[in-house]
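Examining the three-dimensional arrangement
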Amino acid sequence: MPPTPPISDDHLIRYLLGALPADEVERLDERTVVDDELAERLRVVEDDLVDSYAAGTLTGERLQRFETFYLASPRRRSKAAFAKGLRAAIDRSTHQPRPVQNRATQPARQIWHASWWPLAAAAVLILAIGVLFLQNFTLRRELRETARHMADASQRATTAAQQLEVEQAATAAAKQALVDARSAPALAVVALVLLPQTRGVTSVSIVAVPPGASALPLNLRLESPGGTSYDVALRDPASNRTIWRSRSLAPERVRQIPMVPVSLPTGLLKAQHYALDLFELRPGSAPDFVSSYAFEVVRQ
Amino acid sequence: MSVVTLDRRDSGTSGTSFTRLLRWLDDGVDSKGERYLEIRRRLVAYFDRRNRPAPDILADETLDRVSRTLEESGRIKVTPPARYCYVVARFVLLEDIRRNQREVPFDETRPASQHNPSANRAETDDGAERSLQCLTHCLNKLKPEDRTLIVEYYRDAKRQRIDRRRELARGLGISMNALAIRTWRLRASLEACVAACRNRR
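Once that is clear, we can look at the overall build of chain A. Helix and strand counts for chain A come out as seven helices and nine strands. Residues classed as buried in chain A amount to 41% of the 300 residues present. The contacts of chain A with a sequence gap of at least 6 include a subset with a gap of at least 24, amounting to 66%. Carbon and sulfur atoms form 59% of the exposed surface of chain A, whose accessible area is close to 16,300 Å².

Moving on to the state of the cysteines. Residues and elements named next belong to chain B. According to the stated counting rule, one finds two disulfides over all chains in the structure shown. Disulfide pairing places C134 opposite C197 at an S-S distance of 2.1 Å. Between C134 and C197, the S-S dihedral sits near -80°, and the bridge is therefore left-handed. Residue C134 is found in helix α5 (residues 117–141), and its partner C197 is found in helix α8 (residues 176–200); the two are separated by 63 residues along the sequence.

Residue and element names in this part refer to chain A. Here D231 shows up in strand β4 (residues 230–236). Residue D231 is classed as buried on the basis of its relative accessible area of 9%. Of note is the side chain of D231, whose polar atom sits 3.1 Å from the side chain of R245. The residues contacting D231, other than those within four sequence positions of it, are R245, S246, R247, D277, L278, F279 and L281.

Before going further, it helps to examine the sheet that holds β4 of chain A. All names here are of chain A. Here five strands make up an open sheet; going across it, the order is β2-β9-β8-β4-β5 and the pairing mixed. Across the chains shown, the open sheet's two edge strands, defined by having one partner strand only, are β2 (205–209) and β5 (241–245). Sheet twist, expressed as the mean angle between neighbouring strand axes with direction ignored, is 35°. As judged from the eight bridges shared by strand β8 (residues 273–280) and strand β9 (residues 288–299), these two strands associate in the antiparallel manner. The residue of β9 that forms the bridge with H273 is E296.

Both β4 of chain A and β5 of chain A contribute to a ladder of four bridges, which runs antiparallel. Bridge pairing links R235 of chain A to T242 of chain A in β5 of chain A.

A few words now on α8 of chain B. An α-helical turn contains 3.6 residues, so a residue and the one three or four places further along point in the same direction. Relative to the 36 Å expected for 25 residues at 1.5 Å per residue, α8 of chain B spans 36 Å between its end C-alpha atoms, a close match to the ideal helical length. Along α8 of chain B, the residues classified as buried are L179, A180, I181, T183, W184, L186, R187, L190, E191, C193, V194 and C197 of chain B.

Note on strand geometry: in a regular strand, side chains alternate between the two faces of the sheet. All names here are of chain A. In the sheet, strand β1 (residues 192–194) pairs with strand β3 (residues 215–221) via three bridges, with the strands oriented parallel. Among the inter-strand pairings, L192 is bridged to a residue of β3, identified as L218. Bridge count for β3 against strand β7 (residues 257–265) is seven bridges, and the pairing is antiparallel. Residue pairing for β7: R221 is matched across the bridge by M259.

Residues and elements named next belong to chain B. Of note, A59 is situated in helix α3 (residues 55–73). Taking the relative accessible area as the measure of exposure, A59 reaches 0% and is therefore buried. When the C-alpha atoms of A59 and A45 are compared, they prove to be 9.0 Å apart, with 14 residues separating the residues in sequence. A59 has contacts with R40, L43, V44 and F47, leaving out every residue within four places of it along the chain.

The next thing to look at is the nonpolar core. Residue and element names in this part refer to chain B. Ranked by size, the top nonpolar core spans 31 residues in total, and within it L21, W24, L43, F47, V66, I76 and Y84 carry the most contacts. The biggest single contributor to this core is helix α4 (residues 81–103), with eight residues. One finds C138, L142, A180 and V194 within the second-largest nonpolar core, a separate group that totals 25 residues.

What counts and what doesn't
- Residues numbered from 1 in each chain as written.
- Chains lettered and ligands numbered in written order.
- Predicted model: local features only at pLDDT ≥ 70, side-chain atom pairs only at ≥ 80, totals over all residues.
- Heavy atoms only, no water.
- Helix = DSSP H or I, 4+ residues; strand = E, 2+ residues; numbered from the N terminus.
- Buried < 20%, exposed > 50% of the residue type's maximum accessible area, 1.4 Å probe, protein only.
- Contact = heavy atoms within 4.5 Å.
- Areas by Shrake-Rupley, 256 points an atom, 1.4 Å probe, with all protein chains shown as cover.
- Disulfide = S-S within 2.5 Å.
- Polar contact = N/O pair within 3.5 Å; in protein donor to acceptor, adjacent residues only side chain to side chain.
- Pairing = 2+ DSSP bridges.
- Axes fitted to C-alpha atoms, helices over the stretch in contact; angles between N-to-C directions.
- Expected span 1.5 Å × (residues − 1).
- Core = buried A, V, L, I, M, F, W, Y, C linked by side-chain atoms within 4.5 Å.

The quantities given are spatial measurements derived from coordinates; they are silent on function.
Dropping the structure here:
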């Protein structure tokens with residue numbers, strides 16, 4: 001497998017803010033689930049991004065995208081709220097006095113007699129309690145300040161919601177376009193080529209089944225040829241139930257590309273998504289799962 | 001060593017299937033369930049980035065399907081296991097999008113931030129107060145060295161912050177990247193502690 005190119009923090013931030021093209025989003029979706037190193041880096045970058053928002057240092061388009069896209073999810077809003085609280089707590093702890101490092105008390109401690117120790121311990125305890133009270137008071141004040149900031153952010157999010165309504169209208173137009181496309185004249189159903197599903201949420205093949213057709217011929221493209229015999233299971237992804245299984249199939253080369261041809265009985269197909277699971281058959285061992293192929297059936 | 005609790009209340013997966021799933025995800029290295037939790041976290045984040053309303057449920061559905069396939073087929077050839085989980089997750093995502101298009105009016109999927117801002121303000125004050133108490137409680141539960149690390153790592157801004165992190169990494173004898181991952185884990189445990197604490201109150 002060729003080495004994957006490095007991804008910059010800036011690119012990951014654009015991914016988190018929904019500012020990348022769809023195909024790049026899907027590529028990164030896959031990598032952030034599969035690639036351990038990238039998954040960890042993404043979390044670090046995300047925390048830094050959320051901290052920047054909490055600190056008020058995000059500006060311009062990034063701030064706008066953060067509020068319109070990132071904060072659209074309750075889970076991510078909760079992360080942002082946590083970052084604000086953490087920031088307040090850390091600010092507080094870095095500004096409070098540190099009793100154990102108080103140099104002024106150290107020379108005196110050297111001349112204390114052993115019998116004075118309980119008294120000294122009590123003094124340190126009182127000092128610590130005092131610090132805790134002070135810390136509690138400061139923290140509450142900062143939290144109220146944080147709450148005010150969050151309410152301001154909420155106001156900005158309301159403005160963003162209005163922008164969403166505009167986008168909603170665009171979505172409705174896109175849906176209509178999809179309906180129009182589906183009602184367009186039927187595609188040829190002869191030996192449609194399906195690709196293995198590794199990414200591409202938007203790239204599911206749509207297969208139009210004309211009335212009267214008894215079989216739907218498909219060619220399943222092989223990513224790595226090598227097997228001599230395969231079989232195919234037609235699965236309903238909603239129930240994950242296998243509803244049909246092919247006999248043993250031999251791979252073929254179509255224009256030098258290795259494919260497994262399969263013919264599905266159209267009587268089983270309803271207008272919905274399906275998955276075809278391809279298995280390699282080897283004598284004396286269980287079938288090996290090779291890949292899944294997604295497609296959507298449209299009845300005419 | 002930390003004890004990992006695996007909660008499968010809503011799963012249709014039997015104990016044996018679940019054990020098989022854990023073993024398969026571990027891919028030869030016994031992680032004591034950590035790998036399962038890690039893959040689940042990634043799937044939840046994936047569905048959440050796709051703005052699905054119930055990312056946790058979709059992540060569990062994905063792992064249940066993987067488990068059933070494993071049970072039926074005996075083995076899955078795709079490696080690493082996370083890649084197959086992603087393939088299944090994509091199907092789950094597609095179906096969820098399709099189901100929502102059919103059943104949920106678009107207006108209902110809008111973020112909650114569109115609610116009445118003044119009501120939000122009252123809720124926020126109350127919630128922030130609870131979060132404060134929980135954060136203090138959870139910070140106090142950290143080991144002193146961890147508490148110091150998280151405070152030092154996240155204080156300051158911009159240039160100062162970068163310099164401070166470099167010093168911290170040098171002091172601990174680890175790379176900046178390793179330091180970032182270590183503090184992320186601390187932060188994640190703190191976040192989980194705060195969430196659990198808020199639910200209790």
